[in-house]
Amino acid sequence: MNAPLASPPSVKTTCPYCGVGCGVKATPDGLGGALVEGDRDHPASQGRLCSKGAALGETIGLSTRLLHPLVRGADGALARAPWDQALDRIAAGLRQVIDAHGPGAVAFYLSGQLLTEDYYAANKLAKGFIGTSHVDTNSRLCMSSSVAGHKRGFGSDTVPGSYEDLDAADLIVLVGSNAAWCHPVLFRRMEAARKARGTRFVVIDPRGTETAAEADLHLPLAHGTDALLFSGLLAHLAESSAFDAAYVRDHTTGFEAALASARAATPDAAATARACGLDEADVARFFALFADTARTVTCYSQGVNQSAVGTDKVNAILNCHFATGRMGREGMGPFSLTGQPNAMGGREVGGLANQLAAHMGFSPEEVDRVRRFWGAPHMATHEGLKAVDMFAAIGRGEIKALWVMGTNPAVSLPEADTVRTALAGLDLFVLSENVLDNDTAACSPHVMLPAAAWGEKDGTVTNSERRISRQRPFLALPGEVKPNWWALAQVAARLGHADAFRWRGPADIFREHAALSGFENAGTRDFDISAYAEIADAAFQDFAPVQWPAPRGRAQGTARLFAEGGYFTPDRRARFVAPRPVAAVRAEPPFPFILNTGRIRDQWHTMTRTGLSPRLGSHIPAPFVAIHPEDAAPLGLREGALARISSAHGAAVLEVKTDAGQKRGTLFAPIHWSEATSSHGRVGPLVHAVTDPVSGQPDSKATPAAIAPYEARFEGFILARRRIKPPPGLWWARAALEGGFGWRLAGDLGPEDWAGWVKAAAPADVAELVDAPSGLYRAAAFDQEGRLDFAVFIGPAGQRVAWDALKGLLAEETVSAADRRRVLSGRRAGAAVGGPLVCACFGVPKDSIIAAIRGGACDTSAVGETLKAGTNCGSCLPEIRRLLAETMVPV
Ligand SMILES: Nc1nc2c(c(=O)[nH]1)N[C@H]1C(S)=C(S)[C@@H](COP(=O)(O)OP(=O)(O)OC[C@H]3O[C@@H](n4cnc5c(=O)[nH]c(N)nc54)[C@H](O)[C@@H]3O)O[C@H]1N2
Ligand SMILES: Nc1nc2c(c(=O)[nH]1)N[C@H]1C(S)=C(S)[C@@H](COP(=O)(O)OP(=O)(O)OC[C@H]3O[C@@H](n4cnc5c(=O)[nH]c(N)nc54)[C@H](O)[C@@H]3O)O[C@H]1N2
Ligand code: SF4
Ligand SMILES: [Mo]
């Protein structure tokens with residue numbers, strides 16, 4: 001059991017999920033759990049949490065945790081080993097590889113979910129002491145096009161604005177961002193601004209998302225055409241009164257060339273609309289809105305970054321802000337929304353293969369500066385391989401030792417099956433993890449190290465607005481779990497570098513990182529937090545959130561940059577960059593659809609944590625593919641039936657969701673399901689490993705793909721108190737339920753097969769209903785305490801019975817005699833209405849909301865008063881508004 005720390009009753013920390021970086025107040029319950037609330041004093045979130053943040057308390061149990069080091073033995077199996085043995089094995093393995101093949105055969109693959117201190121330690125060890133620059137991170141898949149675009153435009157990787165600019169904006173343009181689901185607390189802040197000052201929203205996304213549903217104008221552009229849209233906008237702005245000739249003259253270069261290129265490609269709204277597959281009137285409206293609204297913030301996320309032309313998209317957006325001088329002033333600016341809690345911190349310490357620490361690069365001067373600061377004996381001197389190329393080099397056997405920390409590449413990298421093969425060929429594969437059994441752990445690591453998880457972690461993270469906050473521990477380290485930085489320092493010592501890694505705790509690392517940021521800086525580098533280079537341990541403990549830069553003498557930090565120019569290019573001017581010519585992404589037979597991938601509201605990435613919460617699992621319980629109804633019908637794809645999606649690289653089987661918001665000719669599938677949670681729900685294997693030539697970021701949003709019905713004779717579900725293994729050869733997807741788990745199933749096993757399986761798997765006392773001619777099989781077993789132990793419901797395909805009525809039985813300590821009698825009917829005495837959960841905070845399902853609307857609740861506040869739905873975190877408000885629109889009959 002996870003033990004609470006003895007110290008204060010409530011601890012202020014930061015949410016471990018998205019880049020909004022909400023403040024959390026955690027109060028341990030003394031039993032290994034904690035009450036989690038929003039921290040009202042945190043400037044990023046002012047007490048708010050979304051559904052995922054609010055459910056954190058449900059995800060801190062130890063049942064899935066890796067609690068001890070594991071080392072692969074001669075028999076090939078992982079077995080528990082003392083830390084010393086695990087660390088010796090890593091050090092010896094690294095030494096062997098370095099001696100035989102040089103330091104370039106060693107790589108690290110890190111994560112934007114690591115603390116800054118962990119990240120700093122890994123980079124220092126690799127780039128300064130082992131001498132390899134093959135240190136990349138899942139941020140390559142996430143933020144690297146923004147990093148590259150910022151560097152081209154600003155000369156530095158800087159986000160110029162603050163969340164306060166969203167409160168003060170009159171127009172918010174969301175490009176390739178589903179903020180209602182992916183940055184929910186920030187989106188609520190935008191909605192509050194709309195209420196207060198009438199801020200308008202423009203959403204630019206091929207897909208009709210929950211975010212687009214809230215927009216004043218939605219531009220469903222063709223995939224990959226954002227740079228054309230913003231080039232058209234630049235041509236328009238140059239002719240408009242919004243053009244800021246003084247800012248362009250005094251603080252930028254390259255305007256004429258960028259404008260000439262924009263005029264050639266997209267001279268006006270009509271040409272832009274044609275290039276982007278949009279309505280001319282909509283484009284003209286967007287151009288006019290942008291030109292007429294000084295206080296404009298353009299937020300962008302993965303629809304921009306994860307593209308073969310992602311860096312150009314970023315620069316096309318920046319160009320429009322330079323041209324209007326809307327930069328770093330209240331309510332204005334371009335705003336890259338970061339994904340992970342520490343996407344930004346990773347960049348600060350040089351977590352990418354083409355960066356050195358503290359926002360330095362690989363120029364000889366910078367390499368030398370970092371070498372001197374660290375006293376580094378083996379300084380890497382050139383850029384290393386970026387994620388996709390790094391895994392290709394592993395596959396070719398050029399990289400022989402890999403340490404993965406805080407990411408699940410067997411799921412999240414493109415062409416994920418080739419990643420698995422590559423991992424299997426390593427001489428040394430080290431995996432630092434929180435959990436025992438994710439898909440990467442299934443790829444035979446030589447050593448697994450148990451790392452501190454949220455609630456135990458102690459250090460700092462930086463959110464989207466450059467705000468550094470503390471993650472503070474409120475639970476003791478369980479088992480033999482240790483912080484990542486500690487394991488890295490131990491390995492460094494074993495390689496002969498004890499002195500450079502003699503840190504007593506995260507405060508020592510933070511001070512070193514802060515000192516390096518100010519070292520020979522003198523205003524030449526944007527990232528400077530040297531005001532904290534000598535921060536005392538007690539002050540680090542109490543550290544209040546602050547926005548960098550915070551150079552010596554400016555400990556209060558900086559809210560905005562670049563209003564008066566002062567860019568970090570050699571001439572201190574911003575650069576206009578003309579995007580290369582592109583056309584919309586096309587898909588042709590045999591792969592006639594464009595497969596777009598992304599996120600859903602209540603799951604986080606590969607579900608190692610959110611997947612533990614029954615509340616979060618009930619919003620969308622199974623992996624799906626969204627398709628326009630008119631694309632679905634001719635292919636014989638029915639709502640709720642299964643479909644096989646394939647690409648040149650792999651295949652998946654997903655539930656069909658017809659969605660009129662889906663652009664014709666495109667599919668959308670979520671990234672969350674893995675082999676740990678489904679049989680065929682992983683989309684990573686399908687996604688092509690095409691990358692942006694500047695940033696190296698994979699294009700995860702536009703893979704040519706095909707879709708066809710997946711024929712299964714039977715479908716149904718299993719409910720069980722424990723994790724079981726469904727029979728082989730089936731399609732299945734698992735969800736956490738209150739008191740146990742549920743598996744949706746499909747396949748060719750008929751009633752007799754199931755009767756045989758249940759007999760073999762279950763104790764004697766099973767109630768069964770077998771009707772072979774109609775293809776029906778149902779079974780239920782109760783344990784000695786009278787609780788439902790498991791239930792199996794199988795029927796012919798197309799006649800699936802929902803588990804909603806029965807799943808509540810798993811949570812009950814004693815099932816009533818009436819429910820026991822009728823369990824095989826699939827119904828319960830007085831069963832409540834159900835359907836998918838809409839409000840995760842108060843557990844309110846769709847059917848209840850529809851009933852309330854039919855009963856007279858005519859807006860979101862009335863629904864809230866009746867059912868409480870939507871009154872806590874508000875993440876479900878867009879969905880409730882949609883249900884209101886669909887359900888209310890116009891009078
Ligand atoms: N619930 C939840 N929230 C999360 C996460 C999570 O796993 N779950 N993960 C976090 C992380 S790490 C990240 S990076 C962020 C991502 O946050 P977002 O970027 O908002 O999320 P995505 O769903 O990946 O993609 C955003 C949108 O890009 C659109 N898109 C696809 N192609 C194009 C295109 O060519 N142009 C344009 N304009 N749009 C396009 C997609 O249709 C999609 O709706 O979310 C963070 N927040
Ligand atoms: N097709 C497609 N692929 C994508 C994307 C997409 O939109 N489409 N999005 C990409 C993006 S933006 C991202 S950010 C990635 C995310 O992809 P991943 O990073 O692979 O996903 P996670 O599930 O967050 O994996 C984090 C792992 O680290 C562990 N962990 C968490 N904290 C710590 C820690 O402090 N220390 C250690 N040692 N382990 C820890 C967790 O248990 C978990 O197993 O996916 C990328 N892949
Ligand atoms: S918006 Fe939600 S997931 Fe993101 S930091 Fe805040 S509570 Fe966490
Ligand atoms: Mo991300």
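The model shown is predicted, which means the values in this text are computed figures rather than measured ones.

(A) Structural context of the overall build of the protein chain. Scanning the protein chain for helices and strands turns up 31 helices and 34 strands. With the C-alpha coordinates of the protein chain rotated into their principal frame, the extents come out at 80 × 70 × 55 Å. The 891 residues of the protein chain split such that 63% are buried. Long-range contacts, defined as pairs at least 24 residues apart, comprise 71% of the intrachain contacts of the protein chain with a sequence gap of at least 6. Surface exposure of the protein chain reaches about 30,800 Å², of which carbon and sulfur atoms provide 52%. Within the protein chain, the 93 negative side-chain charges are centred at a point lying 1 Å from the centre of the 90 positive side-chain charges.

(B) Highlighting the environment of E886. Relative to the elements of secondary structure, E886 occurs in helix 31 (residues 877–887). Using a relative accessible area of 54% as the deciding quantity, one classes E886 as exposed. Sequence spacing of E886 and F576 is 310 residues, and the spatial spacing of their C-alpha atoms is 45 Å.

(C) Representation of the domain arrangement of the protein chain. As assigned here, the protein chain comprises domain 1 (11–59), domain 2 (70–141 + 342–547), domain 3 (144–336), domain 4 (593–709), domain 5 (714–825) and domain 6 (837–887). Using only C-alpha atoms to locate each centre, domain 1 and domain 5 end up separated by 36 Å.

(D) Representation of the side chain of N484. Here N484 is to be found in helix 21 (residues 484–494). Reaching out from N484, the side chain makes a polar contact with the side chain of D118 at a distance of 3.2 Å. When residues no more than four places from it in sequence are discounted, the contact partners of N484 are L114, D118, M405, S432 and A451.

(E) Geometry of the site of ligand 2. Near ligand 2 there are 32 residues, and of these Q113, S412, E433, K457 and T606 occur at the shortest range. Here T597 contributes a side-chain N or O atom positioned 2.8 Å from a nitrogen atom of ligand 2. The contact in question runs from an oxygen atom of ligand 2 to an N or O atom on the side chain of W604, over 3.5 Å. The protein chains hide 98% of the 910 Å² of surface that ligand 2 would expose on its own. In terms of residue class, the shell around ligand 2 is made up of 10 nonpolar, 18 polar and four charged.

(F) Summary view of the packing of aromatic side chains. In this structure the tally under the stated criterion is 32 aromatic pairs. For the ring pair Y17 and W604, a centre distance of 5.4 Å and an interplane angle of 45° mean the geometry is tilted. Highlighted residues: Y17 in the loop between strand 1 (11–14) and strand 2 (23–28) and W604 in the loop between strand 21 (593–598) and helix 24 (614–617), separated in sequence by 587 residues. Pair check on accessibility: Y17 and W604 agree, each one buried.

(G) Highlighting the sheet that holds strand 28 (residues 731–737). Ordered in space as 28-29-27-32-31-30, the six strands form an open sheet in which the pairing is antiparallel. Of all the strands in the sheet, just strand 28 and strand 30 (766–771) have a single pairing partner and so form its edges. Recorded for the sheet is a direction-independent mean angle of 10° between the axes of neighbouring strands. Here strand 27 (residues 714–720) pairs with strand 29 (residues 740–747) via seven bridges, running antiparallel. In the sheet register, F714 faces strand 29, and the bridge partner there is G747. Across the face of the sheet, helix 26 (residues 751–761) comes into contact with strand 27, strand 29, strand 30, strand 31 (776–782) and strand 32 (788–796) while running at roughly 15° to strand 31.

(H) Region of interest: the pairing of strand 18 (residues 467–471). With respect to burial, strand 18 is a largely interior element, five of its five residues being buried. Both strand 17 (residues 459–462) and strand 18 contribute to a ladder of four bridges, which runs antiparallel. Pairing of T462 across the sheet is with I468, part of strand 18. Pairing of strand 18 with strand 19 (residues 546–547) involves two bridges; the strand directions are antiparallel. Looking at the pairing, I468 lines up with V546 of strand 19.

(I) Structural detail: the site of ligand 1. Around ligand 1 sit 35 residues, and of these D205, D226, S301, R599 and Q603 come closest. Measuring from an oxygen atom of ligand 1, one finds a side-chain N or O atom of R207 at 2.9 Å. Backbone polar atom of I600 to a nitrogen atom of ligand 1: 2.8 Å apart, as the coordinates give it. Calculation on ligand 1 without its partners gives an accessible area of 910 Å², and the protein chains cover 99% of this total. Looking at which domains feed residues into the shell around ligand 1, each of domain 3 (144–336) and domain 4 (593–709) supplies at least three.

So, how was this worked out
- Residues numbered from 1 in each chain as written.
- Chains lettered and ligands numbered in written order.
- Predicted model: local features only at pLDDT ≥ 70, side-chain atom pairs only at ≥ 80, totals over all residues.
- Heavy atoms only, no water.
- Helix = DSSP H or I, 4+ residues; strand = E, 2+ residues; numbered from the N terminus.
- Buried < 20%, exposed > 50% of the residue type's maximum accessible area, 1.4 Å probe, protein only.
- Contact = heavy atoms within 4.5 Å.
- Areas by Shrake-Rupley, 256 points an atom, 1.4 Å probe, with all protein chains shown as cover.
- Lys, Arg positive; Asp, Glu negative; His and termini not counted.
- Charge placed at Lys NZ, Arg CZ, Asp CG, Glu CD.
- Domains from an automatic or database assignment.
- Polar contact = N/O pair within 3.5 Å; in protein donor to acceptor, adjacent residues only side chain to side chain.
- Near = heavy atom within 4 Å.
- Nonpolar A, V, L, I, M, F, W, Y, C, P; charged D, E, K, R; others polar.
- Phe/Tyr/Trp six-rings, centres within 6.5 Å; stacked < 30°, edge-to-face > 60°.
- Pairing = 2+ DSSP bridges.
- Axes fitted to C-alpha atoms, helices over the stretch in contact; angles between N-to-C directions.

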